[in-house]
Amino acid sequence: MTKPQTYFVKTFGCQMNVYDSERMSELLTAEGMRAVDNSDDADLVVLNTCHIREKAAEKVYSDIGRLKASKRPSGVKPMVAVAGCVAQAEGEEIVRRAPAVDVVVGPQAYHRLPEMLAQAAEARAVDTDMPLESKFAVLPRRAKQSGPSAFLTVQEGCDKFCTFCVVPYTRGAEVSRPAEDVIAEARMLVEGGARELTLLGQNVNAFNGSGVGFAQLIREIAAIEGLARLRYTTSHPRDMDDDLIAVHAEVPELMPYLHLPVQSGSSRILKRMNRAHTAESYLATIEKLRAARPDIALSGDFIVGFPGETEADFEDTLSIVRAVGYAQAYSFKYSSRPGTPAAGMDGHLDEEVKSERLARLQALIVEQAFAFNRATVGRRVEVLMERQGKKPGQLIGKSPYLQSVHVMAPGLAIGDLVEVELLSAGPNSLEGALIQKAAA
Ligand code: 5AD
Ligand code: SF4
């Protein structure tokens, strides 16, 4: 097999995968390959996969089949590399079900992708090791260019072992990068044009990088000259300590928006989920956050139909959603994952019950998101312009509350941070009018 000249990385799942895909792209570009815009034109397709729910995992196999049946104009079949969490969890099964796959590489081993591709010219290469030495120590320095908003992985893995979740098995134990490495990468991204950084981790607020805690990391990154906005995701309610809550009051660069998954409003189900918090303790944390930062907007994740969930438990979930009033929320039907404790529990629910509960929860969430957007109409907010809109002269940016705002702004460019008056709201986005160009 000849060395691929072009590549395409397809990303499934969470923002950590988005970050990993960027790093893999940097590696492939450094090898002299050229990025193309779609899988049909690429000599090499990297599928950066997600294992969190069954549906996400199954998509991978249909993609592999389709790609391996396709041909490039030269008559050559594309190389396919499976990366990410399906590769980690199902390495052997991939090889069995899809023998044509060239490379299988787990999330902790992708720094080896170039050498594995070279190896794959002879025979399929598989690496799902979780080496003690972090890939971050081996990856080349971050490419110095970025858009206005960039992701930065600071922590990976999870020690919480929620009974439904594969992450502790696919991403391994909680590991933080050294704070000085993270700060250096943040500087690099800001010098390369980022105005906003989102610090990423499966349990980002459990960060402890060579003695520096997460609150302190935020203070230090926020102080970087030229950085206008800072966000972080995903957090576990148990790790929202008082120092971190205080940072929300203290650091103006930290945006008033927090994704804080609760999963269920029933403390009985939370116990079965091994979440190490109750509905009451979660609400108490929200109260403290609101005392620190009264305008903070909240987002969450919910699972409906966990084994043993009764109608009363589900109604507790609806109640907690009403009590919090989310700006956004993500909800999922429980999906039984092989090897997790919940898979072996009693009381698995029928698909119809799960679907019906999901529909009720999603109706409430959509209503709340729309209400949140409507409540911001008439306000002046700063918007960071991120991309072109459909209409000529229109830009789309993000408010501090992570709302998408459409603005007619012919003189402006992507990356500008401007003051906008919010004029009208839809369920997913708002229209705004430019007030003035904020001092940079
Ligand atoms: N089934 C359904 N949803 C799940 N999540 C994690 N594991 C499962 C599962 N087995 C959801 C949780 C988590 C989000 C990333 O995905 O809500 O916060
Ligand atoms: Fe999964 Fe729970 Fe860890 Fe989040 S905290 S990654 S849901 S085990």
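Residues numbered from 1 in each chain as written. Chains lettered and ligands numbered in written order. Predicted model: local features only at pLDDT ≥ 70, side-chain atom pairs only at ≥ 80, totals over all residues. Heavy atoms only, no water.

The chain goes by tRNA-2-methylthio-N(6)-dimethylallyladenosine synthase in an unreviewed UniProt entry, where it is assigned to Sphingoaurantiacus capsulatus. Check the Subunit (unreviewed entry) section of the UniProt entry for the chain; it says "Monomer." (UniProt positions renumbered as here; feature names shortened; annotations may be inferred.)

Draft legend 1. Main features of the overall build of the chain. Within the chain, the regular secondary structure consists of 13 helices and 21 strands. Against the compact-globule benchmark of 22 Å for 440 residues, the chain has a radius of gyration of 22 Å, which places it among compact chains. In terms of its C-alpha atoms, the chain occupies a principal-axis envelope of roughly 60 × 60 × 45 Å. Within the chain, buried positions represent 54% of all 440 residues. Carbon and sulfur atoms provide 51% of the accessible area of the chain, an area that totals close to 18800 Å². Considering the chain, the positive charge centre built from 50 side chains and the negative charge centre built from 57 side chains are found 4 Å apart. (Helix = DSSP H or I, 4+ residues; strand = E, 2+ residues; numbered from the N terminus. Rg over C-alpha atoms; globule rule 2.2 N^0.38 Å. Buried < 20%, exposed > 50% of the residue type's maximum accessible area, 1.4 Å probe, protein only. Areas by Shrake-Rupley, 256 points an atom, 1.4 Å probe, with all protein chains shown as cover. Lys, Arg positive; Asp, Glu negative; His and termini not counted. Charge placed at Lys NZ, Arg CZ, Asp CG, Glu CD.)

Draft legend 2. Geometry of the site of ligand 1. Residues in contact with ligand 1, as listed here, are Ile52, Arg53, Phe164, Gln263, Asp301, Ile303, Phe332, Lys333, Tyr334, Ser335 and Arg337. Arg53 places a polar side-chain atom, nitrogen or oxygen, 2.9 Å from an oxygen atom of ligand 1. In this structure, Phe164 approaches ligand 1 through a main-chain N or O atom, which is 3.0 Å from a nitrogen atom. Considering ligand 1 on its own, with 410 Å² of exposed area, one finds that the protein chains cover 87% of that surface. Along the lines of polarity and charge, the residues of the shell around ligand 1 split into five nonpolar, two polar and four charged. (Near = heavy atom within 4 Å. Polar contact = N/O pair within 3.5 Å; in protein donor to acceptor, adjacent residues only side chain to side chain. Nonpolar A, V, L, I, M, F, W, Y, C, P; charged D, E, K, R; others polar.)

Draft legend 3. Quick peek at the site of ligand 2. Looking at ligand 2, the residues that line it are Cys158, Lys160, Phe161, Cys162, Phe164, Cys165, Val167, Pro168, Asn203, His236 and Arg275. Residues belonging to the shell around ligand 2 are distributed by class as follows: seven nonpolar, two polar and two charged.

Draft legend 4. Summary view of unusual backbone geometry. The omega torsion of the bond from Thr233 to Thr234 falls at 0°, within 30 degrees of zero and hence cis. With respect to the element layout, Thr234 can be found in the loop between strand 13 (229–233) and helix 9 (242–250). One non-glycine residue, Ser210, lies in the positive phi region at around 45°. Among the structural elements, Ser210 can be located in the loop between strand 11 (208–209) and strand 12 (212–213). Exposure remark for Ser210: the relative accessible area of 53% places this residue in the exposed category. Although it is not a glycine, Gln263 adopts a positive phi angle of roughly 75°. The exposure class assigned to Gln263 is buried, which follows from its relative accessible area of 8%.

Draft legend 5. Structural detail: the UniProt feature "binding site: [4Fe-4S] cluster 2" (unreviewed entry) in the chain. The positions UniProt marks with the feature "binding site: [4Fe-4S] cluster 2" (unreviewed entry) are Cys158, Cys162 and Cys165. Its location among the elements puts Cys158 in the loop between strand 8 (155–156) and helix 6 (167–170). When neighbours within four sequence positions are excluded, Cys158 is seen to be in contact with Val167, Pro168, Gly172, Ala173, Glu174 and Asn203. Mapped onto the elements of the fold, Cys165 is located in the loop between strand 8 and helix 6. Owing to a relative accessible area of 13%, Cys165 belongs among the buried residues under this scheme. (Contact = heavy atoms within 4.5 Å.)

Draft legend 6. Highlighting the pattern of salt bridges. Counted under the stated rule, the structure contains 29 salt bridges. Residue Glu250 pairs with Arg219 through a salt bridge whose shortest N-O separation is 2.7 Å. Taken together, the residues span a long stretch of sequence, with Glu250 in helix 9 and Arg219 in helix 8 (residues 214–222) at a distance of 31 residues. Of the residues examined, Arg219 reaches a relative accessible area of 23% and is grouped as partly exposed. Note that Glu351 and Lys354 form a salt bridge whose closest N and O atoms lie 3.5 Å from each other. Of this pair, Glu351 and Lys354 both sit in helix 13 (residues 351–376), three residues apart, which is roughly one turn of the helix. Under the relative-accessibility criterion, Glu351 is labelled partly exposed at 41%. Among the residues examined, Lys354 registers a relative accessible area of 7% and is labelled buried. (Salt bridge = Lys/Arg side-chain N within 4 Å of Asp/Glu carboxyl O.)

Draft legend 7. How the structure looks around the environment of Val9. Along the chain, the position of Val9 falls in strand 1 (residues 6–11). For Val9, a relative accessible area of 14% corresponds to the buried category. Expressed as a C-alpha distance, the spacing of Val9 and Gly344, which sit 335 residues apart in the sequence, is 35 Å. Not counting the four nearest positions on each side in its chain, Val9 is found in contact with Ser21, Ser25 and Val46.

Draft legend 8. Representation of the nonpolar core in the model. Grouped together as the largest cluster of nonpolar side chains are 91 residues, with contacts concentrated most on Leu197, Leu199, Phe214, Leu217, Ile221 and Tyr232. Shared between two domains, this core takes at least three residues from each, and those domains are domain 1 (6–127) and domain 2 (139–375). In this structure, Ile221 is in contact with Val182, Ile183, Ala186, Leu197, Leu199, Leu227 and Leu230, ignoring residues within four places of it in sequence. Residues Val60, Ala87, Ile94 and Val104 belong to the second largest nonpolar core, which totals 21 residues. (Core = buried A, V, L, I, M, F, W, Y, C linked by side-chain atoms within 4.5 Å. Domains from an automatic or database assignment.)

Draft legend 9. Structural detail: the sheet that holds strand 7 (residues 149–153). The three strands are arranged 7-10-13 in an open sheet whose pairing can be described as parallel. Two strands close off the open sheet at either side, each with one partner strand: strand 7 and strand 13. Pairs of neighbouring strands in the sheet enclose a mean axial angle of 20°, with direction left out of account. (Pairing = 2+ DSSP bridges. Axes fitted to C-alpha atoms, helices over the stretch in contact; angles between N-to-C directions.)

Draft legend 10. Looking closely at the domain arrangement of the chain. Once the domains are mapped, the chain shows domain 1 (6–127), domain 2 (139–375) and domain 3 (380–434). Look at where the C-alpha atoms of domain 1 and domain 2 centre, and you get two points 27 Å apart. Counting from both sides, the interface comprises 22 residues of domain 1 and, opposite them, 26 residues of domain 2. Buried area between domain 1 and domain 2, both sides added, is near 2100 Å², and the carbon and sulfur share of it is 57%. Three residues, Met16, Tyr19 and Arg23, lead the burial of domain 1 against domain 2; their summed loss comes to 31% of the area buried on that side. Notably, a salt bridge pairs Arg171 with Asp20, separated by 2.9 Å at the nearest N-O pair. (Buried area = accessible area lost by both parts, 1.4 Å probe.)

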